[in-house]
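Structural overview
Listed below, chain by chain, are the residues.
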Amino acid sequence: MISSPSNEKVKRIVAYNAKNRLRKEDKVFIVEGIRMQVEIPVDLIWETYVSESFLQKASDKDMEYLRSLPLGYEEVTDQIFKKMSDTKTPQGILSLARQAEYSDEDLLTPARNRDGSSTGYAPLILILEGIQDPGNLGTIFRSAEGAGVTGIYMSSDCADVYNSKVVRSTMGAIFRQPFRYTDDLLGTIKMLKDKGIVSYAAHLKGTKNYDELDFTKGTAFLIGNEGNGLSKEIADAADEYLLIPMLGQVESMNAATSAALLGFEAARQRRIG
């Protein structure tokens, strides 16, 4: 059992929680909580740690899961686990997982149904510019998976998808939703256009409502920063502006809400089309 705060493994977990740079360098991230734990593909699990109290209260199902881990697990004292955890009320289990790597081809591959079969639908892409709020980004990943989004491209100044708050907000979608960061959104939009994918910028200057457009073919939605929206350069690179009509005095829509509305409208059209 690990009981010392000076243990190298403990110090390494604490450092990964605190520093995005280290996570990027070593291509790892922290996953906490039993609900998220069981979502991790086992081939991505590097290390698993559980607290004394977790083991004392663990259900038969929890213990069966722990015993099934190819690389096993290590027990730590509750005090040390609290130091390793990034949450106020630790659940007593966390893993160090390897970051997945996706290619452009992965992001263009048709989404899958719940039974694992391919939907066969055309690519459905989200292009995110400057999304900063971890909760927003995690929610976008979660709704994207539900809507059958095939891939998410993010500008390099978007929040770190492996931030613990983002990971928790995805509710497991981070392990199934292909994504890539890019330093060249304009180049990405052009690459998609060359592949026959039509891009739409969610914009207040749109002249057509989102439900008046055809998203049954290859489609990409551009979603901008929570406060400033899309930059003019990126918005103008889209094939067309689209509008999410709103009543009352509301002037703009939350980025995660916009992404969900557009993604599920595309999904609706594809189901009936």
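Residues numbered from 1 in each chain as written. Predicted model: local features only at pLDDT ≥ 70, side-chain atom pairs only at ≥ 80, totals over all residues. Heavy atoms only, no water.

**Points about the sheet that holds strand 9 (residues 219–223)**
- Spatial strand order, 7-6-5-9-8-10: 6 strands in an open sheet with parallel pairing. Because the sheet does not close on itself, it has two edges, and the strands there are strand 7 (179–182) and strand 10 (240–242). Here the average twist between neighbouring strands, direction ignored, is 25°.
- The pairing of strand 5 (residues 124–128) with strand 6 (residues 151–155) spans 4 bridges and is parallel. Looking at the pairing, I127 lines up with Y153 of strand 6.
- Sitting on the sheet, helix 12 (residues 255–272) is in contact with strand 5, strand 8 (198–202), strand 9 and strand 10, with an inclination near 165° to strand 9. (Pairing = 2+ DSSP bridges. Helix = DSSP H or I, 4+ residues; strand = E, 2+ residues; numbered from the N terminus. Axes fitted to C-alpha atoms, helices over the stretch in contact; angles between N-to-C directions. Contact = heavy atoms within 4.5 Å.)

**Describing unusual backbone geometry**
- With a phi angle near 55°, K27 is a residue other than glycine that sits in the positive phi range.
- Within the secondary structure, K27 is located in the loop between helix 2 (20–26) and strand 1 (28–32).
- Classification of K27 as partly exposed rests on a relative accessible area of 43%.
- Its identity as a non-glycine residue notwithstanding, M171 has a phi of 55°, on the positive side.
- When you line up the elements, M171 lands in the loop between helix 9 (164–170) and strand 7. (Buried < 20%, exposed > 50% of the residue type's maximum accessible area, 1.4 Å probe, protein only.)

**Things to note about the pairing of strand 8**
- Of the strand pairs in this sheet, strand 8 and strand 9 are connected by 4 bridges, and their pairing is parallel. Each residue of the ladder has a partner; that of S199, found in strand 9, is A220.
- When strand 8 meets strand 10, the two strands line up parallel, connected through 3 bridges. Paired with A202 across the strands is L242, a residue of strand 10.

**Concerning the domain arrangement of the protein**
- Per the domain assignment, the segments making up the protein are domain 1 (8–98) and domain 2 (104–272).
- Measuring from the centre of the C-alpha atoms in domain 1 to the corresponding centre in domain 2 gives 31 Å.
- At the interface, 12 residues of domain 1 touch 11 residues of domain 2.
- Between domain 1 and domain 2, a total of about 1100 Å² is buried, with carbon and sulfur atoms accounting for 63% of that surface.
- A per-residue breakdown of the area domain 1 buries against domain 2 is headed by F29, M36 and E39, which together make up 46% of the total.
- Where domain 1 touches domain 2, the interface holds 2 salt bridges.
- In this structure, E39 and R176 form a salt bridge, with 2.7 Å as the shortest nitrogen-oxygen distance.
- Across the contact surface, domain 1 and domain 2 share 3 residue pairs in polar contact (both at pLDDT 80 or more).
- Of all the secondary structure elements, the ones that give two or more residues to the side of domain 1 that touches domain 2 are helix 2, strand 1 and helix 3 (34–37). (Domains from an automatic or database assignment. Buried area = accessible area lost by both parts, 1.4 Å probe. Salt bridge = Lys/Arg side-chain N within 4 Å of Asp/Glu carboxyl O. Polar contact = N/O pair within 3.5 Å; in protein donor to acceptor, adjacent residues only side chain to side chain.)

**Digging into the side chain of T77**
- Here T77 shows up in the loop between strand 3 (74–76) and helix 6 (78–84).
- Setting aside chain neighbours within four positions, we find T77 in contact with M1, I2, S3 and E52.

**Describing the environment of A255**
- Here A255 shows up in helix 12.
- For A255 and N225, which are 30 residues apart along the polypeptide, the C-alpha to C-alpha distance reads 7.1 Å.
- Apart from residues no more than four positions distant in its own chain, A255 is found in contact with I131, I140, I223, G224 and E226.

**A word on the layout of surface pockets**
- Empty space within the largest pocket amounts to approximately 800 Å³.
- Listing elements by their share of the lining of the largest pocket, those giving two or more residues are helix 8 (134–147) and helix 12.
- No other element matches the 5 residues that helix 8 contributes to the lining of the largest pocket. (1 Å grid on protein atoms, 1.4 Å probe; cavity = no way out; pocket = protein on both sides within 12 Å on 5 of 7 lines; lining within 4 Å. Points joined across faces, edges and corners; volume = space filled by probe spheres on them.)

**Notes on the nonpolar core**
- Ranked by internal contacts, the top residues of the largest apolar core, which has 68 residues, are L128 and I152.
- Those residues in contact with I152, other than ones at most four positions away along the chain, are L107, L126, L128, I140, F141, A144, Q177, P178, F179 and R180. (Core = buried A, V, L, I, M, F, W, Y, C linked by side-chain atoms within 4.5 Å.)

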